[in-house]
Amino acid sequence: MSFAAIHIPDFIVQAIVRSELSLRGLAVAIVEGTPPLWSVVAANPPALRLGIELGMAKSQAAQFSGVEIRHRAPAQEKAAHEALLDLGWSISPRVEDAAPDTIIVDLSGLNALFGSEEKIAQGLAQRAARLGLSTRIAVAAGIEVAILAARGCPGVTIIAPGEEAMRLSVLPLHTLHPSFEFLETLTRWGVETCGALAALPVIQLSERLGQEGVRLHTLARGAFER
């Protein structure tokens, strides 16, 4: 049994860009709030490279030349999410709605219809592109491993059974979606990747950070199952 996680990076930005095609390839920052207290809640990589930061006031963001600013659009996000779900259902009746930017597709029994797992994943990426969505897709035997790999690895990633810990080890710690306090603590310890977290003694981690630390340690090792 294997699962494909389909993740849309920069989901809030992509939701707007797919409905405003003139923004493709440009630096885009999305603001939200109550006027005049608008602040940046999302930005694509080109905007971040130009100096845009999350939480920055709209007035500050407007000073950056070459950055297109748009207001957050819940209706377009809903449409993008529905397109993502349709993408999953186009090949399988077993789809999990994991998050606004992520779905899980059960690939069991699909090889006879669509070919290898890599071919299925490549096909999903191509279908997504036709829907105006740039995706990251990862296939693994475990759901959580597939989700982490889709968040952290570009393009299409296929993780064979037994390779979970090795393939996840290079991913940055924020891929696990830890709390701010947890991330801050581990950063002070010099822990910046899943591999570095997985290498910590779990008993001492439990004593210092509790069950949340144990849970994230299990995720980082690719050993979390559900």
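Above: the structure in question.
Note that the structure is predicted; figures quoted are calculated from it, not measured.

Looking at this model, I keep getting lost on unusual backbone geometry. Mind explaining?
For residues besides glycine, phi is generally negative; the peptide bonds are generally trans as well. Along the chain, Pro35 connects to Pro36 via a cis peptide bond; the corresponding omega equals 5 degrees. As for its position among the elements, Pro36 is in the loop between β2 (27–34) and β3 (37–43). Although it is not a glycine, Asp10 sits at a positive phi angle of roughly 50 degrees. Mapping Asp10 onto the fold places it in the loop between β1 (3–7) and α1 (11–17). Here the phi dihedral of His177 falls at roughly 55 degrees; this positive angle occurs in a residue that is not glycine.

When you look at the sheet that holds strand β4 (residues 67–71) in this model, what are you seeing that I'm missing?
Picture the strands of a sheet paired through backbone hydrogen bonds; they go either parallel or antiparallel. Reading across the sheet, the three strands line up as β3-β2-β4 and stay open at both edges, with mixed pairing between neighbours. Looking along the sheet, the strands with just one partner apiece sit at the ends: β3 and β4. For this sheet the average axis-to-axis angle between neighbouring strands, irrespective of direction, equals 35 degrees. Of the strand pairs in this sheet, β2 and β4 are connected by five bridges, and their pairing is parallel. Within the sheet, the bridge partner assigned to Ile30 lies in β4 and is Arg70.

Sorry, what's going on with the packing of helix α9 (residues 180–188) against helix α11 (residues 202–220) here?
Helix-helix packing is described using two parameters, namely the angle between the two axes and the distance between the axes. Across the interface, α9 lies against α11 with an axial gap of 11 Å and an inter-helix angle of 80 degrees. The orientation of α9 relative to α11 falls into the category roughly perpendicular. Contacts from Phe182, Thr185 and Leu186 of α9 reach α11 at Leu209, Glu212, Gly213 and Leu216.

Help me understand the environment of Gln60 in this model?
With respect to the element layout, Gln60 can be found in helix α3 (residues 58–61). Residue classification places Gln60 among the partly exposed positions, given a relative accessible area of 41%. A sequence separation of 20 residues divides Gln60 from Val40, and the C-alpha atoms of the two residues are 9.5 Å apart.

For this particular structure, what's the right way to read the packing of aromatic side chains?
Where two aromatic rings form a pair, the distance of their centres and the angle of their planes describe that pair. Taken as a whole, this structure holds zero aromatic pairs when the rule is applied. Between Lys58 and the ring centre of Trp38, over which it is positioned, the NZ or CZ distance is 4.3 Å.

Would you explain the layout of surface pockets in this entry?
One water molecule sets the probe size; rolling that probe over the atoms shows where empty space is left. Space inside the largest pocket adds up to approximately 770 Å³. Put simply, the parts of the chain that give the lining of the largest pocket at least two residues each are α1, β3, α2 (45–49), β5 (95–99) and α7 (143–152). Split into classes, the residues belonging to the lining of the largest pocket amount to 16 nonpolar, six polar and six charged. Taken together, 16 residues form the lining of the second largest pocket, with Gln14, Val17, Gly25, Asn44 and Ser134 sitting closest to its centre. For the lining of the second largest pocket, the secondary structure elements donating two or more residues are α1 and α2. For the lining of the second largest pocket, a count of residues per class yields eight nonpolar, five polar and three charged.

Rules and cut-offs
- Residues numbered from 1 in each chain as written.
- Predicted model: local features only at pLDDT ≥ 70, side-chain atom pairs only at ≥ 80, totals over all residues.
- Heavy atoms only, no water.
- Helix = DSSP H or I, 4+ residues; strand = E, 2+ residues; numbered from the N terminus.
- Pairing = 2+ DSSP bridges.
- Axes fitted to C-alpha atoms, helices over the stretch in contact; angles between N-to-C directions.
- Parallel < 35°, antiparallel > 145°, perpendicular 65-115°, else oblique.
- Contact = heavy atoms within 4.5 Å.
- Buried < 20%, exposed > 50% of the residue type's maximum accessible area, 1.4 Å probe, protein only.
- Phe/Tyr/Trp six-rings, centres within 6.5 Å; stacked < 30°, edge-to-face > 60°.
- Lys NZ or Arg CZ within 6 Å of the ring centre and 35° of its normal.
- 1 Å grid on protein atoms, 1.4 Å probe; cavity = no way out; pocket = protein on both sides within 12 Å on 5 of 7 lines; lining within 4 Å.
- Points joined across faces, edges and corners; volume = space filled by probe spheres on them.
- Nonpolar A, V, L, I, M, F, W, Y, C, P; charged D, E, K, R; others polar.

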